[in-house]
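So you can see what is in the structure, the chains are spelled out below.
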Amino acid sequence: KAGVTQTPRYLIKTRGQQVTLSCSPISGHRSVSWYQQTPGQGLQFLFEYFSETQRNKGNFPGRFSGRQFSNSRSEMNVSTLELGDSALYLCASSPGQGSEQYFGPGTRLTVT
Amino acid sequence: DQQVKQNSPSLSVQEGRISILNCDYTNSMFDYFLWYKKYPAEGPTFLISISSIKDKNEDGRFTVFLNKSAKHLSLHIVPSQPGDSAVYFCAASARGWGSQGNLIFGKGTKLSVKP
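Counting restarts for each chain: residues are numbered from 1 in the order of the written sequence. Note on labels: chains are lettered from A, ligands numbered from 1, in written order. The predicted origin of the model limits local features to residues at a pLDDT of at least 70 and limits the giving and counting of side-chain atom pairs to 80 or more, whereas totals for whole chains, interfaces and linings rest on all residues. Hydrogen atoms and water are omitted, and side-chain values are computed over all heavy atoms in the structure.

(A) The arrangement of the pairing of strand β3 (residues 19–24) of chain A in detail. All names here are of chain A. Relative to β3, strand β1 (residues 5–7) runs antiparallel, the two being bridged by three bridges. Considered in β3, the bridge of Q6 is made with C23. In short, DSSP must find at least two bridges between two strands for them to pair. A helix here means a DSSP run of H or I that spans at least four residues, while a strand means a run of E at least two residues long, and both kinds are numbered starting from the N terminus. Strand direction decides the pairing type here: β3 and strand β8 (residues 74–78), joined by five bridges, are antiparallel. Along β8, the bridge assignment pairs C23 with S74.

(B) Quick peek at the sheet that holds strand β8 (residues 72–77) of chain B. All names here are of chain B. Ordered in space as β1-β3-β8-β7-β6, the five strands form an open sheet in which the pairing is antiparallel. Every interior strand has two partners, whereas the edge strands, β1 (4–5) and β6 (56–59), have only one. Here two bridges tie β1 to strand β3 (residues 19–25), and the two strands are oriented antiparallel to one another. By the bridge assignment for β3, V4 is matched with Y25.

(C) Structural context of the layout of surface pockets. Put simply, the grid is 1 Å and covers the protein atoms alone, a cavity is a trapped set of points that fit a 1.4 Å probe, a pocket is an open set with protein on both sides within 12 Å along at least five of seven lines, and lining residues have an atom within 4 Å of a point. Grid points are joined across faces, edges and corners, and a volume is the space filled by probe spheres set on the points. Estimates place the volume of the largest pocket at around 480 Å³. If you go around the largest pocket, you meet 19 residues; those closest to its centre are A:L43, A:Q44, B:D1, B:Q3 and B:I104. Those elements that place two or more of their residues in the lining of the largest pocket are β5 (42–50) of chain A together with β10 (99–105) of chain B. Each residue gets one label: Ala, Val, Leu, Ile, Met, Phe, Trp, Tyr, Cys and Pro are nonpolar, Asp, Glu, Lys and Arg are charged, and the others, such as Gly, are polar. Partitioning the lining of the largest pocket into residue classes produces seven nonpolar, nine polar and three charged.

As C-alpha coordinates, then:
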(Lines give C-alpha, C1' and ligand atoms only; values in the text may rest on other atoms or scores of the structure.)
Protein backbone atom coordinates (compact mmCIF):
# COMPACT_ATOMS: atom_id res chain seq x y z
CA LYS A 1 0.00 0.00 0.00
CA ALA A 2 1.44 3.39 -0.95
CA GLY A 3 2.09 5.78 1.92
CA VAL A 4 1.06 9.38 2.34
CA THR A 5 2.49 11.56 -0.40
CA GLN A 6 3.03 15.29 -0.29
CA THR A 7 3.89 17.70 -3.06
CA PRO A 8 5.99 19.64 -3.53
CA ARG A 9 8.76 18.47 -1.19
CA TYR A 10 10.52 21.83 -1.16
CA LEU A 11 9.26 25.31 -1.85
CA ILE A 12 10.73 28.80 -1.67
CA LYS A 13 8.34 31.75 -1.62
CA THR A 14 8.59 35.46 -1.02
CA ARG A 15 6.89 37.29 1.84
CA GLY A 16 3.38 38.37 0.85
CA GLN A 17 2.84 35.56 -1.66
CA GLN A 18 0.50 32.66 -1.20
CA VAL A 19 1.19 28.93 -1.39
CA THR A 20 -0.78 25.72 -1.86
CA LEU A 21 0.47 22.38 -0.60
CA SER A 22 -0.99 19.04 -1.59
CA CYS A 23 -1.44 15.75 0.26
CA SER A 24 -2.62 12.36 -0.98
CA PRO A 25 -3.59 10.06 1.90
CA ILE A 26 -3.20 6.31 2.12
CA SER A 27 -5.84 4.59 0.03
CA GLY A 28 -8.99 4.08 2.07
CA HIS A 29 -8.12 6.69 4.69
CA ARG A 30 -10.78 9.35 5.04
CA SER A 31 -9.17 11.62 7.64
CA VAL A 32 -6.37 14.03 6.77
CA SER A 33 -4.65 16.22 9.35
CA TRP A 34 -2.08 18.94 8.79
CA TYR A 35 0.74 19.93 11.14
CA GLN A 36 3.41 22.61 11.17
CA GLN A 37 6.83 21.75 12.54
CA THR A 38 9.28 24.46 13.56
CA PRO A 39 12.41 24.23 15.72
CA GLY A 40 10.93 26.48 18.40
CA GLN A 41 7.33 25.24 18.59
CA GLY A 42 7.69 21.61 17.60
CA LEU A 43 4.78 19.87 15.88
CA GLN A 44 1.59 21.89 16.00
CA PHE A 45 -1.83 20.86 14.74
CA LEU A 46 -3.32 23.02 11.98
CA PHE A 47 -6.58 21.32 11.02
CA GLU A 48 -8.23 18.01 10.24
CA TYR A 49 -10.58 17.07 7.43
CA PHE A 50 -12.87 14.08 7.34
CA SER A 51 -15.18 13.34 4.43
CA GLU A 52 -14.58 16.80 2.93
CA THR A 53 -15.53 18.58 6.19
CA GLN A 54 -13.20 20.37 8.57
CA ARG A 55 -13.61 18.47 11.81
CA ASN A 56 -11.01 20.18 14.01
CA LYS A 57 -8.96 23.33 13.82
CA GLY A 58 -5.83 24.38 15.67
CA ASN A 59 -4.83 27.78 16.90
CA PHE A 60 -3.55 29.34 13.67
CA PRO A 61 -4.61 32.58 11.96
CA GLY A 62 -7.16 32.62 9.16
CA ARG A 63 -4.36 32.92 6.58
CA PHE A 64 -4.07 29.15 6.95
CA SER A 65 -6.87 27.26 5.27
CA GLY A 66 -7.48 23.87 3.79
CA ARG A 67 -9.91 21.68 1.96
CA GLN A 68 -10.50 18.05 1.17
CA PHE A 69 -11.78 16.58 -2.05
CA SER A 70 -14.15 13.68 -2.59
CA ASN A 71 -11.20 11.32 -3.19
CA SER A 72 -9.82 12.34 0.26
CA ARG A 73 -6.90 14.26 -1.22
CA SER A 74 -6.31 17.47 0.67
CA GLU A 75 -4.75 20.85 0.07
CA MET A 76 -3.69 23.54 2.46
CA ASN A 77 -3.25 27.15 1.52
CA VAL A 78 -1.32 29.90 3.24
CA SER A 79 -2.00 33.43 2.07
CA THR A 80 0.08 36.57 2.64
CA LEU A 81 3.14 34.59 3.65
CA GLU A 82 5.25 35.81 6.56
CA LEU A 83 8.85 34.93 7.39
CA GLY A 84 7.60 32.98 10.42
CA ASP A 85 5.67 30.63 8.17
CA SER A 86 8.92 28.96 7.18
CA ALA A 87 8.51 25.42 8.45
CA LEU A 88 8.06 21.78 7.60
CA TYR A 89 4.40 21.14 6.83
CA LEU A 90 3.32 17.58 7.52
CA CYS A 91 0.20 15.81 6.40
CA ALA A 92 -1.10 12.70 8.15
CA SER A 93 -3.90 10.33 7.26
CA SER A 94 -5.90 7.82 9.24
CA PRO A 95 -8.94 5.63 8.64
CA GLY A 96 -10.79 8.17 10.75
CA GLN A 97 -12.02 6.10 13.66
CA GLY A 98 -9.66 7.35 16.31
CA SER A 99 -6.75 5.24 15.15
CA GLU A 100 -3.15 6.18 14.63
CA GLN A 101 -2.12 8.72 12.03
CA TYR A 102 0.42 8.03 9.31
CA PHE A 103 2.60 10.89 8.19
CA GLY A 104 3.94 11.92 4.83
CA PRO A 105 7.50 13.17 4.30
CA GLY A 106 6.45 16.82 4.57
CA THR A 107 6.86 19.94 2.48
CA ARG A 108 9.72 22.21 3.48
CA LEU A 109 8.53 25.81 2.95
CA THR A 110 11.03 28.64 3.08
CA VAL A 111 9.75 32.22 3.04
CA THR A 112 12.28 34.91 2.12
CA ASP B 1 1.06 26.07 27.99
CA GLN B 2 2.46 22.70 27.00
CA GLN B 3 -0.08 19.93 27.44
CA VAL B 4 2.40 17.19 26.53
CA LYS B 5 5.92 17.43 27.91
CA GLN B 6 9.06 15.47 27.19
CA ASN B 7 11.48 16.87 29.72
CA SER B 8 14.60 15.15 28.41
CA PRO B 9 15.77 16.66 25.11
CA SER B 10 18.30 13.88 24.64
CA LEU B 11 19.19 10.40 25.85
CA SER B 12 22.26 8.29 25.18
CA VAL B 13 22.20 4.51 25.67
CA GLN B 14 24.58 1.65 24.97
CA GLU B 15 23.57 -0.91 22.36
CA GLY B 16 21.77 -3.87 23.94
CA ARG B 17 20.64 -1.94 26.99
CA ILE B 18 17.17 -0.59 27.74
CA SER B 19 16.09 2.87 26.54
CA ILE B 20 13.39 4.56 28.59
CA LEU B 21 11.75 7.67 27.17
CA ASN B 22 9.36 9.62 29.36
CA CYS B 23 6.36 11.83 28.72
CA ASP B 24 4.03 13.79 31.00
CA TYR B 25 0.67 15.30 30.16
CA THR B 26 -1.63 17.76 31.87
CA ASN B 27 -5.00 17.39 30.13
CA SER B 28 -7.15 14.75 31.83
CA MET B 29 -9.35 14.53 28.69
CA PHE B 30 -6.55 12.79 26.78
CA ASP B 31 -7.54 9.18 26.29
CA TYR B 32 -5.24 7.97 23.54
CA PHE B 33 -1.46 8.16 23.49
CA LEU B 34 1.05 7.45 20.76
CA TRP B 35 4.78 7.33 20.19
CA TYR B 36 6.39 8.33 16.92
CA LYS B 37 9.97 8.07 15.71
CA LYS B 38 11.40 10.66 13.36
CA TYR B 39 14.54 10.66 11.25
CA PRO B 40 15.85 13.89 9.71
CA ALA B 41 14.12 14.91 6.47
CA GLU B 42 11.33 12.35 6.98
CA GLY B 43 7.86 12.49 8.47
CA PRO B 44 7.20 10.87 11.88
CA THR B 45 6.75 7.10 11.81
CA PHE B 46 4.11 5.56 14.06
CA LEU B 47 5.57 3.16 16.63
CA ILE B 48 3.02 2.17 19.22
CA SER B 49 -0.11 3.48 20.91
CA ILE B 50 -2.09 2.92 24.08
CA SER B 51 -5.65 3.65 25.07
CA SER B 52 -6.39 5.08 28.49
CA ILE B 53 -8.27 1.91 29.43
CA LYS B 54 -4.97 0.03 29.44
CA ASP B 55 -1.78 0.50 31.41
CA LYS B 56 0.58 -1.40 29.13
CA ASN B 57 0.93 -2.22 25.45
CA GLU B 58 3.71 -4.26 23.93
CA ASP B 59 4.89 -4.66 20.34
CA GLY B 60 8.14 -6.52 19.85
CA ARG B 61 10.98 -4.55 21.40
CA PHE B 62 8.69 -1.61 22.21
CA THR B 63 6.50 -1.35 25.31
CA VAL B 64 4.48 1.66 26.37
CA PHE B 65 3.39 2.10 29.98
CA LEU B 66 0.63 4.47 31.06
CA ASN B 67 0.15 5.75 34.61
CA LYS B 68 -3.07 7.75 34.50
CA SER B 69 -2.98 8.88 38.11
CA ALA B 70 0.45 10.42 37.54
CA LYS B 71 -0.43 11.55 33.99
CA HIS B 72 2.76 9.90 32.83
CA LEU B 73 3.70 7.51 30.10
CA SER B 74 6.94 5.92 29.08
CA LEU B 75 8.34 4.04 26.11
CA HIS B 76 10.74 1.18 26.76
CA ILE B 77 12.95 -0.15 23.99
CA VAL B 78 14.64 -3.46 24.78
CA PRO B 79 17.22 -4.22 23.55
CA SER B 80 18.26 -0.90 22.05
CA GLN B 81 19.89 -0.98 18.62
CA PRO B 82 21.93 1.67 16.76
CA GLY B 83 19.11 1.92 14.19
CA ASP B 84 16.83 3.16 16.96
CA SER B 85 18.78 6.42 17.03
CA ALA B 86 16.22 9.09 16.14
CA VAL B 87 13.97 11.72 17.70
CA TYR B 88 11.02 10.21 19.57
CA PHE B 89 7.79 12.13 19.96
CA CYS B 90 5.05 11.45 22.45
CA ALA B 91 1.55 12.48 21.31
CA ALA B 92 -1.91 12.52 22.85
CA SER B 93 -5.46 13.02 21.72
CA ALA B 94 -8.91 13.29 23.26
CA ARG B 95 -10.76 10.79 21.09
CA GLY B 96 -13.75 10.63 23.36
CA TRP B 97 -14.17 14.36 23.00
CA GLY B 98 -14.26 14.42 19.21
CA SER B 99 -10.63 15.41 18.80
CA GLN B 100 -9.28 12.19 17.39
CA GLY B 101 -7.75 13.98 14.42
CA ASN B 102 -5.89 16.43 16.60
CA LEU B 103 -2.68 15.07 18.05
CA ILE B 104 -0.87 17.15 20.64
CA PHE B 105 2.86 16.47 20.46
CA GLY B 106 5.69 16.81 22.92
CA LYS B 107 8.89 18.53 21.80
CA GLY B 108 10.70 15.22 21.33
CA THR B 109 13.64 13.34 22.83
CA LYS B 110 16.69 12.60 20.72
CA LEU B 111 17.84 9.04 21.38
CA SER B 112 21.39 8.02 20.53
CA VAL B 113 22.23 4.33 20.76
CA LYS B 114 25.99 3.77 20.78
CA PRO B 115 27.52 0.53 19.47
